[in-house]
Amino acid sequence: MWHRLYYHIVWTTRERQHLIDAGLARFLCRFLRGVARQERAHILEIGMVATHVHLLVRLHPTSDISRLLQRMKGGSSTVAGKERHSTTNLVLKWSKGYAIRTIAARSLEVVRGYLRSQTTKHPNEVIRDWAGDQPEYEIAGQEQWPGSDRSIFRN
């Protein structure tokens, strides 16, 4: 099966408070990518400021988007609190809901640019001491997805 399903997903901190610091940003990049892999998704780019997160995600056609987002949001706030990833003792809490848009493959670079520009668009929300995300790119013919038994198979 050949597919290219891309999404731009955004959600905010509770009451749009400045709750994401450098420690939480580093944690979120690792955590969100790990959850995505488990749910047959691939995060290509993360744009983040202190009040919200933008993701560029490729999903497998059988991925459950609502489950993916529930695990990303609920799981990240729970784990971040238990493991104390904040470098400034912040408690990570998310607002309810999220925004999601489909993205055409030809628009991927435009969306990547938009995610990378978040610190310019929101200069008062820049995460201090965080250099930003390391983007990922797909390698043609090497896309892999974990199966229901969490083993790897090619699509």
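Our subject in this report is the structure included herewith. (Residues numbered from 1 in each chain as written. Predicted model: local features only at pLDDT ≥ 70, side-chain atom pairs only at ≥ 80, totals over all residues. Heavy atoms only, no water.)

**Some thoughts on the overall build of the protein**
Consideration 1: Of regular secondary structure, the protein possesses 4 helices and 6 strands.
Consideration 2: Listed by position from the N terminus, the elements making up the protein come as β-α-β-β-α-β-α-α-β-β.
Consideration 3: Looking at the protein as a whole, 46% of its 155 residues are labelled buried.
Consideration 4: Partitioning the intrachain contacts of the protein with sequence separation of at least 6 by distance along the chain shows that 75% fall at a separation of at least 24. (Helix = DSSP H or I, 4+ residues; strand = E, 2+ residues; numbered from the N terminus. Buried < 20%, exposed > 50% of the residue type's maximum accessible area, 1.4 Å probe, protein only. Contact = heavy atoms within 4.5 Å.)

**Overview of the sheet that holds strand E1 (residues 5-12)**
Consideration 1: What the 4 strands build is an open sheet, ordered E2-E3-E1-E4; its pairing is antiparallel. Unpaired on one side and paired on the other, strand E2 (41-49) and strand E4 (99-103) mark the two borders of the sheet. Direction aside, the axes of adjacent strands within the sheet are offset by 20° on average.
Consideration 2: Relative to strand E3 (residues 52-59), E2 runs antiparallel, the two being bridged by 8 bridges. The residue bridging isoleucine 46 from the neighbouring strand is leucine 55, located in E3.
Consideration 3: The strands touched by helix H2 (residues 65-83) within the sheet are E1, E2, E3 and E4, with E1 carrying the most contacts at an inclination of about 40°. (Pairing = 2+ DSSP bridges. Axes fitted to C-alpha atoms, helices over the stretch in contact; angles between N-to-C directions.)

**Details of the nonpolar core**
Consideration 1: Core analysis: the biggest nonpolar cluster contains 31 residues, and Trp11, Ile20, Leu32, Met48, Val53, Leu55 and Met72 have the highest contact counts within it.
Consideration 2: Here the element with the most residues in this core is helix H1 (residues 22-38); it accounts for 10 residues.
Consideration 3: Residue contacts for valine 53: discarding those within four places in its chain leaves Ile9, Val10, Trp11, Ile20, Leu32, Ile46, Gly47, Met48 and Trp94.
Consideration 4: Counting residues in each nonpolar core, the second largest holds 7 residues, with Ile103, Leu108, Val111 and Leu115 among its members. (Core = buried A, V, L, I, M, F, W, Y, C linked by side-chain atoms within 4.5 Å.)

**Quick notes on the pattern of salt bridges**
Where charged atoms from two side chains of opposite charge approach closely, those side chains can pair.
Consideration 1: Across all of its chains, the model carries 6 salt bridges by this definition.
Consideration 2: The shortest N-O distance in the salt bridge between arginine 71 and glutamate 39 comes to 2.6 Å. Taken together, the residues span a long stretch of sequence, with arginine 71 in helix H2 and glutamate 39 in the loop between H1 and E2 at a distance of 32 residues.
Consideration 3: On the basis of relative accessible area, glutamate 39 is assigned to the buried category, the value being 8%. (Salt bridge = Lys/Arg side-chain N within 4 Å of Asp/Glu carboxyl O.)

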